[in-house]
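Chain by chain, the residues:
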Amino acid sequence: MKKFLVSFAAVVALSSSAMAGVNSQTGCGLGAMIIKDNSTAVLLALQATTNGTSGNQTFGITSGTLGCQKTKFVMNEQAQEFVASNMDQLAKEIAVGHGESIETLAELLAVSDKVAFATSLQENYNSIYTSQNATMSDVLDNISTTAL
């Protein structure tokens, strides 16, 4: 009990009420919000532990709160399988800005404005396919950060 009180007092002493940005080492969440100082491994561990034990990081990411940015697309297994199976065709269609593969991917990602999605993909082709050896996860990650 004594250790818990000392730990709790340390967390309270190090926290402030101002909003925090996303910490590149522990991410967003309650830990990054209340423990702003990330100069030592101990403080980073406290941030990560707070995020992990309270289960708030997932909520923050899906809701866009706690210093987290809400994701544009919900990546799902079907989208992953589709991109993995259609990498070449998808690359060709993104280059020209339209096609069945783009429409299918838009459906799998629940994109409402498919025309804007296709245009955005075409405009960001070089950011999506960063090399000839791009993997499915690279492509999906790049689509989620550049498209729309």
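Residues numbered from 1 in each chain as written. Predicted model: local features only at pLDDT ≥ 70, side-chain atom pairs only at ≥ 80, totals over all residues. Heavy atoms only, no water.

Turning our eyes to something else, we now look at the overall build of the protein chain. Per the secondary structure count, the protein chain includes 10 helices and 0 strands. Along the protein chain, helices (α) and strands (β) appear in the sequence α-α-α-α-α-α-α-α-α-α when read from the amino end. Among the 148 residues that make up the protein chain, the fraction classed as buried is 32%. When contacts within the protein chain are restricted to residue pairs at least 6 apart in sequence, those whose partners lie at least 24 apart make up 45%. With an accessible surface of roughly 9,000 Å², the protein chain has 56% of that area assigned to carbon and sulfur atoms. (Helix = DSSP H or I, 4+ residues; strand = E, 2+ residues; numbered from the N terminus. Buried < 20%, exposed > 50% of the residue type's maximum accessible area, 1.4 Å probe, protein only. Contact = heavy atoms within 4.5 Å. Areas by Shrake-Rupley, 256 points an atom, 1.4 Å probe, with all protein chains shown as cover.)

Per-residue pLDDT for the protein chain has a mean of 78; in total, 73% of the residues score no lower than 70. Confidence drops under a pLDDT of 50 for residues 12–21, and excluding neighbours within four residues, the segment shows 17 contacts in the predicted structure. (pLDDT = per-residue confidence, 0-100.)

You will see that Ala-110, though not glycine, has its phi angle at about 55°, which is positive. Within the secondary structure layout, Ala-110 lies in the loop between α7 (100–108) and α8 (114–123). Residue classification places Ala-110 among the exposed positions, given a relative accessible area of 67%.

Under the definition given, this model contains 1 salt bridge. Its salt-bridge partner being Lys-114, residue Glu-107 comes within 2.9 Å of it at the nearest N-O pair. Overall, Glu-107 belongs to the exposed group, its relative accessible area being 52%. Exposure remark for Lys-114: the relative accessible area of 32% places this residue in the partly exposed category. (Salt bridge = Lys/Arg side-chain N within 4 Å of Asp/Glu carboxyl O.)

What follows concerns the nonpolar core. Core analysis: the largest hydrophobic core is formed by 22 residues, its most contacted members being Leu-105, Phe-117, Leu-121, Tyr-129, Val-139 and Ile-143. Of all the elements in the fold, those that place two or more residues in this core are α5 (77–85), α6 (87–96), α7, α8 and α10 (136–146). Looking at which element gives the most residues to this core, the answer is α6, with 4 residues. Not counting residues up to four positions away in its chain, the partners in contact with Leu-105 are Ala-79, Phe-82, Val-83, Leu-90, Phe-117 and Ile-143. (Core = buried A, V, L, I, M, F, W, Y, C linked by side-chain atoms within 4.5 Å.)

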